[in-house]
Amino acid sequence: MMSTIEEHVFKQEGYHLHMIPTKKYKTNTISVKLKSPLNREVITKRALLPYVLQQATSNYPSARSFRTALDSLYGAVLSVDSSKKGEDHVMTFRMELPNDEMLSGDESLLKQGLALINEIIFHPKVEGEALDKAIVNREKQTLTQKIKSLKDDKMSYANTRLIDEMCKEESYRFHVHGYEEDLNDITAENLYEYYQDMLSNDDMDVYVQGNLDPNEVQQIVQGTIKRQSAPNRSENKTTQQDAPSEVKEIVERQNIQQGKLHLGYRTSIRYGDKDYYALQVFNGIFGGFPSSKLFMNVREKHSLAYYAASRFESHKGLLLVFSGIDPNDYEQAKDIIEKQMDAMKAGEFSEEDVQETKQLVVNQLRETMDNQHGLIELMYHQVLSGSKVTPNEIIENVERVTHEDVLQVAKKVALDTVYFLTKEEGGNE
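Since the structure is predicted, the reported quantities are computational estimates derived from the model, not experimental observations.

(A) Inspection of the environment of Leu48 at higher detail. Topologically, Leu48 is positioned in helix α1 (residues 43-53). Residue classification places Leu48 among the buried positions, given a relative accessible area of 1%. Sequence-wise, Leu48 and Ser62 are 14 residues apart; in three dimensions their C-alpha atoms are separated by 19 Å. In contact with Leu48, not counting residues within four places along its chain, are Glu139, Lys140, Leu143, Ile186 and Leu191.

What follows is the structure, encoded as structure tokens:
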């Protein structure tokens with residue numbers, strides 16, 4: 001029997017505070033999430049902004065003073081990132097720091113950590129009406145390199161191109177790390193202007209996890225993180241589309257040796273829907289684990305792929321298949337992948353497959369819940385979806401999935417787009 005995970009949620013002025021008390025870890029974690037609808041006009045600024053903000057603040061204006069402030073928190077670890085959740089763009093600021101019980105001293109380390117996170121988000125280093133020019137220019141260079149490296153990683157590139165084509169009319173197509181062509185136009189001034197917009201309009205959630213007293217922590221957070229604006233929490237408006245009557249097929253040629261065959265399916269099932277748990281099991285049997293149909297048939301039995309797997313997008317209702325193949329095996333590999341989906345729709349999987357996969361899904365969920373960042377991400381799904389399903393309830397719901405539930409999910413899955421990245425000469429049309 002697993003222990004129940006508690007979450008205490010308080011509505012503060014301008015944000016929601018989530019506290020997850022646990023004695024499982026030696027560290028406490030603070031995670032601040034800022035959410036806004038995906039928007040092509042500003043996505044590159046959003047991708048850049050957290051990396052600029054984490055470099056310096058008004059009280060710690062140099063790299064050295066900022067590093068000293070972090071080091072004074074007994075080696076606290078700070079990280080930032082941007083992610084795409086359905087049709088929302090989420091910026092995350094995380095800090096992991098030792099539990100106060102591990103240290104001797106009067107000043108709460110958690111309080112100091114919250115103060116530094118507050119400083120990073122609300123009091124960055126500015127020059128008049130601009131962020132620090134040198135920092136902005138340096139981070140623009142770093143982001144340029146990141147975008148280029150993603151293009152050079154052909155698996156990542158093929159996935160991006162599949163979404164470009166599949167979601168042509170949907171904001172889900174926008175690239176989470178932004179666009180290289182936007183970077184020239186970003187200045188310290190217009191980035192500061194966008195930063196002000198973000199402060200005014202983003203939905204904000206603050207997570208504090210660790211060995212803590214929720215009431216005590218609420219007082220500390222209230223006294224530390226003060227937000228001037230209080231935007232109305234936006235409703236999830238992620239669009240749903242049906243697969244087209246005719247499957248889109250895109251072939252792109254580059255100077256590569258290994259072909260990338262990626263398929264995009266519509267499931268019309270998202271986090272919080274009653275079929276979501278059966279979708280997790282469906283994906284596990286189809287392509288989510290090494291025991292799956294894709295792995296066993298496309299890769300092992302027919303030796304047609306260097307890798308073959310599937311995953312689903314929880315907040316968008318997409319199922320994506322990835323495979324690396326010999327460019328000359330396109331038709332055969334595509335045919336075998338489609339046959340695995342046909343087998344799922346025909347119910348050609350055993351009760352044993354369902355039971356084994358359920359156990360794998362549950363083990364994966366438990367691993368996620370054992371990880372501090374993973375658990376916060378799992379809890380944040382509730383905010384994104386407006387669905388109050390606890391992690392324990394997710395596990396219970398997965399354990400209740402039947403063969404018939406998986407079959408009903410399979411029947412909903414419809415192929416939308418086939419994308420094939422192949423060599424320049426001699427590939428199959």
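(B) Layout of the sheet that holds strand β8 (residues 259-266). One open sheet holds the five strands; their spatial order is β7-β11-β8-β10-β9, and the pairing between them is mixed. Pairing within the sheet leaves two strands with one partner each, and these edge strands are β7 (248-254) and β9 (307-313). On average, adjacent strands in this sheet sit at an angle of 15° to one another, irrespective of strand direction. Contacts from helix α5 (residues 154-166) reach β7, β8, β9, β10 (318-325) and β11 (414-423), with the element oriented near 40° to β8. Seen against the sheet, helix α11 (residues 330-345) touches β7, β8, β10 and β11 and runs at an angle of roughly 30° to β8.

(C) Expanded view of the packing of helix α12 (residues 351-370) against helix α14 (residues 391-399). Axis separation between α12 and α14 bottoms out at 9 Å; the angle between their running directions is 170°. By the angle between their axes, α12 is roughly antiparallel relative to α14. Within the contact between the two elements, α12 uses Lys358, Val361, Val362, Leu365, Arg366 and Met369 and α14 uses Pro391, Asn392, Ile394, Ile395, Val398 and Glu399. The residue inventory of the contact of α12 with α14, partitioned by class, reads eight nonpolar, one polar and three charged.

(D) Geometry of the side chain of Asn297. Take Asn297: it is sitting in helix α10 (residues 293-301). In terms of polar contacts, Asn297 uses its side chain to reach the side chain of Gln340, at 3.0 Å.

(E) Structural view of unusual backbone geometry. Unlike most non-glycine residues, Tyr74 shows phi in positive territory, near 55°. Counting through the fold element by element, Tyr74 comes out in the loop between α2 (63-71) and β4 (77-85). In this structure, Ser268 is a non-glycine residue whose phi angle is positive, near 60°.

(F) Looking closely at the packing of aromatic side chains. Under the criterion given, the structure shown has eight aromatic pairs. With 6.0 Å between their ring centres and 35° between their planes, Tyr192 and Tyr195 make a pair best called tilted. With Tyr192 and Tyr195 both in helix α7 (residues 188-201) and three residues apart, this pair spans about one turn of that helix. The same class applies to Tyr192 as to Tyr195, namely buried. Relative to Phe420, the ring of Tyr330 has its centre 4.3 Å away and its plane inclined at 10°; by these criteria the two rings are stacked. A residue pair is termed long-range when its members are at least 10 positions apart, and Tyr330 in helix α11 and Phe420 in strand β11 qualify at 90 residues. Here Tyr330 matches Phe420 in class, with each residue buried. By the ring-pair criterion, three or more aromatic residues cluster together here, those being Tyr271, Tyr276, Tyr277 and Phe312. Residue placement shows Lys33 over the ring face of Tyr380; its charged tip is 5.0 Å from the ring centre. Above the ring of Tyr179, the side-chain terminus of Arg40 is found at 3.6 Å from the ring centroid.

(G) Spotlight on the nonpolar core. Counting 59 residues, the largest nonpolar core has Leu261, Tyr265 and Phe282 as the members making the most contacts within it. The element that contributes the greatest number of residues to this core is helix α9 (residues 276-288), accounting for eight residues. One finds Leu73, Leu78, Leu97 and Leu143 within the second-largest nonpolar core, a separate group that totals 55 residues.

(H) Structural context of the environment of His89. Here His89 lies in strand β5 (residues 88-98). Judged by relative accessible area, which is 0%, His89 ranks as buried. The spatial distance from the C-alpha of His89 to the C-alpha of Tyr172 is 9.5 Å, given a sequence separation of 83 residues. In contact with His89, not counting residues within four places along its chain, are Leu34, Lys35, Ser36, Pro37, Leu38, Ile43, Arg46, Ala47, Ser82, Ser83 and Val176.

Calculation criteria
Residues numbered from 1 in each chain as written. Predicted model: local features only at pLDDT ≥ 70, side-chain atom pairs only at ≥ 80, totals over all residues. Heavy atoms only, no water. Helix = DSSP H or I, 4+ residues; strand = E, 2+ residues; numbered from the N terminus. Buried < 20%, exposed > 50% of the residue type's maximum accessible area, 1.4 Å probe, protein only. Contact = heavy atoms within 4.5 Å. Pairing = 2+ DSSP bridges. Axes fitted to C-alpha atoms, helices over the stretch in contact; angles between N-to-C directions. Parallel < 35°, antiparallel > 145°, perpendicular 65-115°, else oblique. Nonpolar A, V, L, I, M, F, W, Y, C, P; charged D, E, K, R; others polar. Polar contact = N/O pair within 3.5 Å; in protein donor to acceptor, adjacent residues only side chain to side chain. Phe/Tyr/Trp six-rings, centres within 6.5 Å; stacked < 30°, edge-to-face > 60°. Lys NZ or Arg CZ within 6 Å of the ring centre and 35° of its normal. Core = buried A, V, L, I, M, F, W, Y, C linked by side-chain atoms within 4.5 Å.

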